[in-house]
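# Coordinates in review
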Amino acid sequence: MGHLDCIILPNSLPTILVLLTCTFGLSLGTELGFVTCGSVLKLLNTKHNVRLHSHDVRYGSGSGQQSVTGVTSVEDGNSYWSVRGTIDTSCHRGSPIKCGQNIRLTHVNTGRNLHSHYFVSPLSSNQEVSAFGDEGEGDHLDEWTVQCGGSVWKRAEAVRFRHKATDALLAVTGEQYGRPINGQREVHAMASPSQHSLWKAMEGVFLKPSENLAGSRDYSRLHTEF
């Protein structure tokens with residue numbers, strides 16, 4: 001990551017992020033040690049070595065909403081998520097995400113939020129996790145609490161995401177789908193913490209706290225740019 005620059009960002013990242021990176025020097029390397037609001041990143045499940053992923057493929061059972069999976073591919077552009085504030089509490093662009101803070105994770109390519117509810121997941125019969133909403137706006141079931149050990153979400157640290165409404169943890173336990181998403185892992189939510197529910201921030205564009213394009217304006221809420 002330390003060698004990335006604006007001309008070799010994946011084509012799936014929005015043009016606005018490329019322009020901001022070139023113009024304002026947003027962090028693509030490892031020098032920024034924590035995750036900030038408005039950053040766009042990939043999340044790795046450290047137990048199963050898969051990245052959180054979504055795509056315009058709906059579940060054939062349960063909610064019928066857009067499916068969320070885990071993929072082994074590092075380069076897949078459908079694995080980028082934008083870190084945003086909640087419906088009730090915005091977070092300022094570039095501000096560090098605190099341990100215990102509620103956030104939304106918006107899938108960059110489809111504009112839907114990481115979401116859960118009491119539907120049963122199709123393979124493991126755990127709690128279904130889906131992607132929901134339109135252009136970054138869904139409902140209160142899109143909110144997740146970042147669980148980490150210090151004061152802020154450090155990029156080097158494996159963290160957990162607890163679904164605020166149901167108290168379940170984002171997890172992977174290894175079940176694999178067949179066609180049309182052959183080999184992708186089921187992502188679901190589980191009540192108890194374990195190694196299956198640990199996630200680490202990986203590739204992405206991390207907005208620096210010192211960057212401020214328009215005073216106190218909250219750029220993390222400009223969901224149409226993602």
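First things first, this report covers the structure right here in the doc. Computed from a prediction, not measured in an experiment: that's the story for all the values here.

So, how was this worked out
- Residues numbered from 1 in each chain as written.
- Predicted model: local features only at pLDDT ≥ 70, side-chain atom pairs only at ≥ 80, totals over all residues.
- Heavy atoms only, no water.
- Disulfide = S-S within 2.5 Å.
- Helix = DSSP H or I, 4+ residues; strand = E, 2+ residues; numbered from the N terminus.
- Buried < 20%, exposed > 50% of the residue type's maximum accessible area, 1.4 Å probe, protein only.
- Phe/Tyr/Trp six-rings, centres within 6.5 Å; stacked < 30°, edge-to-face > 60°.
- Lys NZ or Arg CZ within 6 Å of the ring centre and 35° of its normal.

### Concerning the state of the cysteines
- Following the criterion strictly, the structure yields two disulfides and no others.
- The partner cysteine of cysteine 37 in its disulfide is cysteine 91, sulfur to sulfur 1.9 Å. Judged by the sign of its S-S torsion, about 65 degrees, the cystine formed by cysteine 37 and cysteine 91 is right-handed. Taken as a pair, cysteine 37 in the loop between helix 1 (15-24) and strand 1 (40-45) and cysteine 91 in the loop between strand 4 (81-84) and strand 5 (102-107) lie far apart in primary sequence, 54 residues in all.
- What makes cysteine 91 buried here is its relative accessible area of 4%.
- Disulfide partner of cysteine 99: cysteine 148, at an S-S distance of 1.9 Å. Handedness here is read from the sign of the S-S torsion; for cysteine 99 and cysteine 148, about -120 degrees, the answer is left-handed. One end of the pair, cysteine 99, is in the loop between strand 4 and strand 5; the other, cysteine 148, is in the loop between strand 8 (144-147) and strand 9 (160-163), with 49 residues separating them in the sequence.

### Quick look at the packing of aromatic side chains
- Applying the stated criterion across every chain, the model contains one aromatic pair.
- Taking the centre distance of 5.3 Å and the plane angle of 75 degrees together, the rings of tryptophan 153 and phenylalanine 161 count as edge-to-face.
- Judged by its relative accessible area of 0%, tryptophan 153 falls in the buried class.
- Over the aromatic face of phenylalanine 206 sits the side chain of arginine 155, whose NZ or CZ is 3.7 Å from the ring centroid.

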